[in-house]
Structures are given as C-alpha cells and as structure tokens.
Amino acid sequence: MGDKFRDLGLLLLRVGIGGMFMAHGWPKLAGGERAWTKLGKSMVHVGIDFAPTFWGFMAAIAEFFGGLAFALGIGFVPATVLLLSTMVVAATMHIRKNDGFTGASHAIEAGIVFASLLLVGPGQHTLASKFGKKG
C-alpha cells in the first residue's frame, strides 16, 4: 500500500485522535472553575505552583479546541504542540503520583502520536489545504 494511502491514513489518524481529545476535553471545559482548578493543580508536577485555575482552563481548551483544530488540520502545528505539552504534563503527573506505567500510558502514547505527527505533518486532506494554506 505504501504511499498510496498515506494522506488518507493521516486524515483518519487526525480525525480519530482529534475527536477523542474533544470528547476528553469537553467535560473538563464544561466542568467550570472547580474542575479547572483541580486539573490545573497537575502543573505542580512540572514545577509550576501558581494559577491552577488558569492552567486547568488552558488544558481543557487545548484538549477540546486543540483536538478540533488537529482533526481539521487547521493551525496544525500550534494545536499539536499544545496537545503534546498537555500530554507531557499528564504523563509527568501520573509518574510522580506513582500511578505506574498503566496510569501514565495513555498520556505517553498520545504524546508519541503528537510528536510523530509534528515530524510527518497533517497530510494533504486538511481544511487549511482547501483554502490554499499549509496546516
């Protein structure tokens, strides 16, 4: 099959992973200040111990709207960097909380996907390409 279905495979990957991140991000986004504060406290595991509500809100935004942009292939690089950053924090939190490999595996796996796609790109089938722009 090789390169014949490369762009279709990238589209499937972007839409599938982006949709899943939207599904994970929506409850966090809709959870309001209380949920954002709880989520944002994860930043302490990477040495940031101020403004947990802000950081939690930003993580929820990254997951929902970053997932949407990732799926559509618009603002692909910034969206992917935000999603990757969110997964680095999530993986670090799970590791530092002694959740073991099983607890951190989802974030690690997603981080690998995002890092890989930063190198490979979004493929040809993007909304951005329909308007003559790169992802």
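Residues numbered from 1 in each chain as written. Predicted model: local features only at pLDDT ≥ 70, side-chain atom pairs only at ≥ 80, totals over all residues. Heavy atoms only, no water.

Colleague: When you look at the overall build of the protein chain in this model, what are you seeing that I'm missing?
Modeller: Across its full length, the protein chain carries six helices and zero strands. Starting at the N terminus, the α and β elements of the protein chain follow one another as α-α-α-α-α-α. Considered along the principal axes of its C-alpha atoms, the protein chain spans approximately 45 × 30 × 20 Å. Relative to its 135 residues, the protein chain shows a buried fraction of 36%. (Helix = DSSP H or I, 4+ residues; strand = E, 2+ residues; numbered from the N terminus. Buried < 20%, exposed > 50% of the residue type's maximum accessible area, 1.4 Å probe, protein only.)

Colleague: Teacher, can you tell me more about helix α1 (residues 6–30) here?
Modeller: The α-helix winds at 3.6 residues per turn, so residues separated by three or four positions along the chain end up facing the same way. Its 25 residues place the ends of α1 35 Å apart at the C-alpha level, agreeing with the 36 Å of an ideal helix rising 1.5 Å per residue. Turning to α1, its buried residues number three or more, namely Asp7, Leu10, Arg14, Gly18, Phe21, Gly25 and Leu29. Looking at the packing, one finds that the buried side of α1 touches α2 (32–40), α3 (52–72), α4 (76–96) and α5 (100–120). Phi turns positive one or two residues past the end of α1, at Gly32, with a value near 75 degrees. (Expected span 1.5 Å × (residues − 1). Contact = heavy atoms within 4.5 Å.)

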